[in-house]
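Chains, contacts and geometry: an overview
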Amino acid sequence: MKEAIERKVTYFKYCGEINTEKVLQAVKLRCKETGIGKVVIASETGRSAIKALEILRTNVKMVVVTHYPATTIGPKGKIPIGLKRKEYKETLKKLEENRVKIVQSTRPFAPPSRSIGWAYPTPESIIDRTLEIFGAGTKIAIEAAIMATDAGEVEQGEEIVSCGGTYKGLDTALIVKAAHSGGFFSEFEVREIITKPVCRVKKLPEYKFGNWKGNIDAYYL
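Structure report, in brief. (Residues numbered from 1 in each chain as written. Predicted model: local features only at pLDDT ≥ 70, side-chain atom pairs only at ≥ 80, totals over all residues. Heavy atoms only, no water.)

**Brief notes about the side chain of Asp-128**
With respect to the secondary-structure elements, Asp-128 resides in helix H4 (residues 123-131). Note on Asp-128: relative accessible area 0%, which makes it buried. Side chain to side chain, Asp-128 and Arg-107 meet in a polar contact 2.9 Å long. (Helix = DSSP H or I, 4+ residues; strand = E, 2+ residues; numbered from the N terminus. Buried < 20%, exposed > 50% of the residue type's maximum accessible area, 1.4 Å probe, protein only. Polar contact = N/O pair within 3.5 Å; in protein donor to acceptor, adjacent residues only side chain to side chain.)

Written out as C-alpha cells, the structure is:
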C-alpha cells in the first residue's frame, strides 16, 4: 500500500435530500476506484433506496437499513417511516426483487434506555450526540453499518461504503471497516470520507433550518 493516497472528497454547502443523487454518483465512482462491492443505504421510506438501486444496481451489492415503524413531522403533517410498513409494500417488493437486503432493527444509539430522557443521559445517547458533531449524516451512516453487521448482512471487519443523511435523503457517504455493536469502540473504523456537508443542522425541525435543503413534498403519500 502506498504511504499516501489522494482521493476526491465532496463537501456540500447544505445538509439534506438535495444531495442524494450526487452522493450516490460519488459512491459509484469510489466503489469502482477501490473495488468495494457492498454499499449500505439508510432509508426510512425507500426513496433513497430506490434511487440507489437505479444508480448502483449493476456495480455493488446493496443493503438497505430502515427505521422501525414510526412517523416524522414535516411541513404538511406526518410522514410514515419504516420501509416494512404497508404504505411502502410496493417499494419493498421492488427492492427485494432486485436482491437488495433489508435490515430493520433497533438503532444501537437509541436503545430502550434512551427513553429515560436527557435528564438521565445514557452511554448510547452520549455517543449519539457526540457523533452529531460531525453531522447527522455521519452518525446515521455509522449506525446503519453497525445495524447491518449485527443483522449478518455485513461481515465483521468487512470494508464497505455506508450512506446516511439529515432528516430525509442522503448527504454523507463513508468508507468504514464494519463491526457489530459489541465491538464498536474496539473494532469499528471510519477509513475515508466520500461526501459530507460542511455544516450541520442544529435546530429542530430540520426542514426549517437554513442549513437543510430538499424536496419534502415527494415524501407525502
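On we go.
**Some points on helix H2 (residues 47-56)**
With respect to burial, H2 is a largely interior element, seven of its 10 residues being buried. For H2, the set of buried residues is Ser-48, Ala-49, Ile-50, Ala-52, Leu-53, Ile-55 and Leu-56. Structurally, H2 contributes buried residues whose contacts are with helix H1 (20-34), strand E2 (38-42), strand E3 (61-66) and helix H3 (89-97). (Contact = heavy atoms within 4.5 Å.)

**Description of the pattern of salt bridges**
Per the counting criterion, the structure on display carries 16 salt bridges. With a shortest N-O distance of 3.3 Å, Arg-30 and Glu-33 are connected by a salt bridge. Residue Arg-30 and its partner Glu-33 are located together in helix H1, separated by three residues, close to a single helical turn. Since its relative accessible area comes to 3%, Arg-30 is described here as buried. Residue classification places Glu-33 among the partly exposed residues on the basis of a relative accessible area of 47%. Of the charged contacts in the structure, one is a salt bridge between Lys-168 and Glu-44, with a shortest N-O distance of 3.3 Å. (Salt bridge = Lys/Arg side-chain N within 4 Å of Asp/Glu carboxyl O.)

**Thoughts on empty space enclosed by the protein**
For the structure on display, the rule yields one cavity of 30 Å³ or more. In this model, the largest cavity occupies a volume close to 30 Å³. Elements represented by at least two residues in the lining of the largest cavity include exactly helix H5 (136-150) and strand E9 (189-197). (1 Å grid on protein atoms, 1.4 Å probe; cavity = no way out; pocket = protein on both sides within 12 Å on 5 of 7 lines; lining within 4 Å. Points joined across faces, edges and corners; volume = space filled by probe spheres on them.)

**A look at H1**
Between its first and last C-alpha atoms H1 spans 21 Å; for 15 residues at 1.5 Å apiece the expected length is 21 Å, and the two agree. The set of residues buried in H1 consists of Thr-20, Val-23, Leu-24, Ala-26, Val-27, Arg-30 and Cys-31. Across the axial projection of H1, the buried residues extend over an arc of 160°, all falling on one side. Away from the buried face of H1 by more than 90 degrees, exposed residues Lys-22 and Lys-32 are located. Turning to H1, the residues buried within the fold contact strand E1 (10-12), E2, H2, strand E7 (159-164), strand E8 (172-177) and E9. Looking one or two residues past H1, Gly-35 carries a phi angle of roughly 80°, positive in sign. (Expected span 1.5 Å × (residues − 1). Arc of directions from axis to C-beta.)

**As for the environment of Val-9**
Along the chain, the position of Val-9 falls in the segment before E1. Spatially, the C-alpha atoms of Val-9 and Ile-193 are 6.5 Å apart, while their sequence positions differ by 184 residues.

**Thoughts on the packing of aromatic side chains**
Throughout the structure, instances matching the rule amount to five aromatic pairs. Plain terms: the ring middles of Tyr-167 and Trp-212 are 5.6 Å apart, the flat faces sit at 75° to each other, and that makes the pair edge-to-face. Here the residue Tyr-167 occupies a position in the loop between E7 and E8, and Trp-212 occupies one in the segment after E9, the gap between them amounting to 45 residues. Accessibility expressed as a relative area gives 13% for Tyr-167, which makes it buried. (Phe/Tyr/Trp six-rings, centres within 6.5 Å; stacked < 30°, edge-to-face > 60°.)

**Describing the packing of H2 against H3**
It is the contact of H2 with H3, at a shortest axis distance of 10 Å, that shows an interaxial angle of 30°. As the angle between them shows, H2 and H3 are arranged roughly parallel. The hand of the H2/H3 crossing is left-handed. Listed contacts from H3 to Ala-49, Ile-50 and Leu-53 of H2 are Thr-91, Lys-94 and Leu-95. Its residues assigned to classes, the contact of H2 with H3 comprises four nonpolar, one polar and one charged. (Axes fitted to C-alpha atoms, helices over the stretch in contact; angles between N-to-C directions. Parallel < 35°, antiparallel > 145°, perpendicular 65-115°, else oblique. Left-handed = near helix turned anticlockwise from the far one by under 90°. Nonpolar A, V, L, I, M, F, W, Y, C, P; charged D, E, K, R; others polar.)

**So, the layout of surface pockets**
Here the largest pocket defines a volume of roughly 1,200 Å³. What lines the largest pocket is a set of 41 residues, among which Glu-44, Arg-107, Lys-139, Ile-140 and Glu-206 lie closest to the centre. Among the secondary structure elements, those contributing two or more residues to the lining of the largest pocket are E3, strand E4 (70-74), H4 and H5. Element by element, the count of residues in the lining of the largest pocket is highest for H5, at six residues. Tallied by class, residues from the lining of the largest pocket come to 16 nonpolar, 12 polar and 13 charged.

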